[in-house]
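Fold and geometry: a report
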Amino acid sequence: MRIRTFKKGDFILILVIAIGAALLFVWNHYPASGQHQVFAVITQDGQVVREVSLEQLGELEDMELQSNGVDLTIRLERGRIRFSASTCPDQICVHSGWLSQAGDRAVCLPAKVVVKVLGQSNGAPDSVAY
Amino acid sequence: MKKQICILLIALALLGSAGSCARQSAKPLEADNFVLGTIVTQTIYGNAAQQVADDVWTELNRLEALLTVNASGGDANLLNARAGQGLVPMEFDTLQVLESARKISALSQGRALDITVGPLVKAWGIGTDHAQVPSAQLIRELLPLVNYQDVRIDRDQASAELTQAGQMVDLGGIAKGYAGDVVRDIYRQHGLTSAFINIGGNVVTLGARPDGNPWHIGIQNPRSETGEIVGYVSVVNQAVVTSGDYQRYFFAENGQRYCHIIDPTTGYPAESGLMSVTVITESSTDADGLSKAFILGLEGGRELLRSYGQAEGVFITTDKKIYVTPGLRGDFHFEDASHAYTYIQEG
């Protein structure tokens, strides 16, 4: 004797729910296309002063910033960003060069300014000991 | 009717699982600040991360005021100002730092970490904008003031003293390490299970990544100005602390390059054939103190880690060899984009 507990309509309902759940899972797991871009974040004394999508930059831009007695120039162009000039004594920020990959960062300690690149990182370590 | 309930439950379970997976992969809070004279970054997974991060900033500012010799009212300064004049009341945290420093110093009889190196640090102008080479005579005069055993700690009276007048502690070689342990305790108290803090290059991890995998902590290429790494270590609940000749250095008038780590035996910046030492162990305080194995060179440094017992190390020599201690086998991943280094796995 066949006992039919599920009708065709029930299977369709289950299928619809399963597809819905799968879509929700994918939606949550894979960021929207815009989030694949890399963003540069500039902070001063721990506060964000500018956040910019590096892919959407047009012309080369020099951003002047005064911070804790240090005059800084931050250069932005499509896909990358760097400290290009600083009046700080050690110039570590300038020597850090261009930043373009998610996880890249440069710090000007005397000015208390951080430039970092955020986005999907490709196997970059969680942090670096130095 | 039962059937509909059954389908509804399946639906809820499916949606719930899809939702919860999304929560687990949520992005962490990443907060930067300038404390303890350096850049500090917190990376926190979990609820109320912002509140936890703010609590940590408050605590780090308190510790900075206590432990830096640049803060006039702090314990480190009080201890130095009253050197040779008997016991001085100290905060709990300061006593903890002094005691940990003594324990680590004793392992090398003060040849690596010695917090009483303060007079020499001052003479060399380390940490200032005007680093200089002191006269050989001045160094000879200051060397007798360096002796970790002259830091007397009295737990009963919550006080400490430097027994000789003129002595000075410099806690720069261990204070950041201690702060790392304090921060990890704060994370634990808030019920977090997955977070880390990077205090000017000292990385202290709590637990593992939210997906259960170990954290990957890069080890900097000592000769890369752009912060490239030579590899990374996989760690869970460990501190990873590096001492190197590249962090702060200066050139004397004769062109000689000097690093910022003073050898307490010679009174001169360390020159031991190493470019950096990275120590991996659970205690951040101990990792920081032990990283002064840098002063001892490859052989002496390895011996220091062995005498401590539960620490592993990555030693990078001036001839660009990377020696990795036996316990790190499988957990050190050599990734040298510069192709300048040779990886040697020991034991």
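Procedures and definitions
- Residues numbered from 1 in each chain as written.
- Chains lettered and ligands numbered in written order.
- Predicted model: local features only at pLDDT ≥ 70, side-chain atom pairs only at ≥ 80, totals over all residues.
- Heavy atoms only, no water.
- Patch = residues over 30% accessible without salt bridge, like charges linked within 9 Å, V, L, I, M, F, W, Y side chains within 5 Å.
- Areas by Shrake-Rupley, 256 points an atom, 1.4 Å probe, with all protein chains shown as cover.
- Salt bridge = Lys/Arg side-chain N within 4 Å of Asp/Glu carboxyl O.
- Helix = DSSP H or I, 4+ residues; strand = E, 2+ residues; numbered from the N terminus.
- Buried < 20%, exposed > 50% of the residue type's maximum accessible area, 1.4 Å probe, protein only.
- Axes fitted to C-alpha atoms, helices over the stretch in contact; angles between N-to-C directions.
- Parallel < 35°, antiparallel > 145°, perpendicular 65-115°, else oblique.
- Left-handed = near helix turned anticlockwise from the far one by under 90°.
- Contact = heavy atoms within 4.5 Å.
- Nonpolar A, V, L, I, M, F, W, Y, C, P; charged D, E, K, R; others polar.
- Pairing = 2+ DSSP bridges.
- Domains from an automatic or database assignment.
- Buried area = accessible area lost by both parts, 1.4 Å probe.
- Polar contact = N/O pair within 3.5 Å; in protein donor to acceptor, adjacent residues only side chain to side chain.

A few words on a nonpolar patch on the surface. Residues and elements named next belong to chain A. Taken together, the side chains of Leu15, Ile19 and Leu23 present a nonpolar region at the surface, about 320 Å² in accessible area. Secondary-structure assignment places isoleucine 19 in helix H1 (residues 8-29). Look at isoleucine 19 and you get partly exposed, because its relative accessible area is 49%.

Residues and elements named next belong to chain B. At a minimum axis separation of 10 Å, helix H2 (residues 49-67) and helix H7 (residues 175-189) run at an interaxial angle of 150°. Taken together, the axis directions place H2 and H7 in an arrangement best described as roughly antiparallel. Taken as a pair, H2 and H7 cross one another with a handedness that is right-handed. On the side of H2, the interface is formed by Val52, Val56, Glu59, Leu60, Leu63 and Leu67, while H7 contributes Ala175, Tyr178, Ala179, Val182, Val183, Ile186 and Tyr187. Taken together, the residues of the contact of H2 with H7 break down into 12 nonpolar, no polar and 1 charged.

On to the sheet that holds strand S9 (residues 229-235) of chain B. Read from one edge of the open sheet, 4 strands run S8(A)-S8(B)-S9(B)-S16(B), paired in mixed fashion. Among the strands making up the open sheet, the edge pair consists of strand S8 (127-129) of chain A together with strand S16 (332-334) of chain B. On average, each strand axis in the sheet is inclined to that of its neighbour by 30°, with strand direction left out of account.

All names here are of chain B. Taken domain by domain, chain B comprises domain 1 (2-48 + 190-343) and domain 2 (66-173). Each partner contributes residues to the interface: domain 1 has 26 residues there, and domain 2 has 24 residues. When the two sides are added together, the surface that domain 1 and domain 2 hide from each other amounts to roughly 1900 Å², 73% of it contributed by carbon and sulfur. Taken as a group, Phe250, Ile262 and Pro264 account for 27% of the area that domain 1 buries against domain 2, more than any other trio of residues on that side. Between lysine 103 and aspartate 286 there is a salt bridge, with its nearest N and O atoms 3.0 Å apart. Seen at the junction of domain 1 and domain 2, the total is 3 residue pairs in polar contact (both at pLDDT 80 or more). Breaking the side of domain 1 that touches domain 2 down by element, the ones donating at least two residues are strand S12 (257-259), helix H8 (284-290) and helix H9 (297-308).

On to the pattern of salt bridges, then. Residue and element names in this part refer to chain B. Applying the stated criterion across every chain yields a total of 21 salt bridges over all chains. The salt bridge partner of arginine 155 is glutamate 99, with a shortest N-O separation of 2.9 Å. Of the two residues, arginine 155 is situated in the loop between strand S4 (151-154) and strand S5 (159-162) and glutamate 99 in helix H4 (residues 92-107); the sequence distance between them amounts to 56 residues. Take arginine 155: its relative accessible area is 33%, and that puts it in the partly exposed class. Between arginine 184 and aspartate 181 there is a salt bridge, with its nearest N and O atoms 3.0 Å apart. Residue arginine 184 and its partner aspartate 181 are both found in helix H7; the two are separated by 3 residues, about one turn of the helix.

Right, let's get into the packing of H2(B) against H4(B). Angle between the axes and distance between the axes: these two values describe a pair of packed helices. Residue and element names in this part refer to chain B. Put simply, H2 and H4 touch, their axes get as near as 10 Å, and they point 65° apart. Between H2 and H4, the crossing angle belongs to the class labelled roughly perpendicular. Between H2 and H4 lies a crossing whose hand is right-handed. Contacts between H2 and H4 involve Arg62, Leu63, Leu66 and Leu67 from the former and Asp93, Thr94 and Val97 from the latter. Class assignment of the residues belonging to the contact of H2 with H4 gives a composition of 4 nonpolar, 1 polar and 2 charged.

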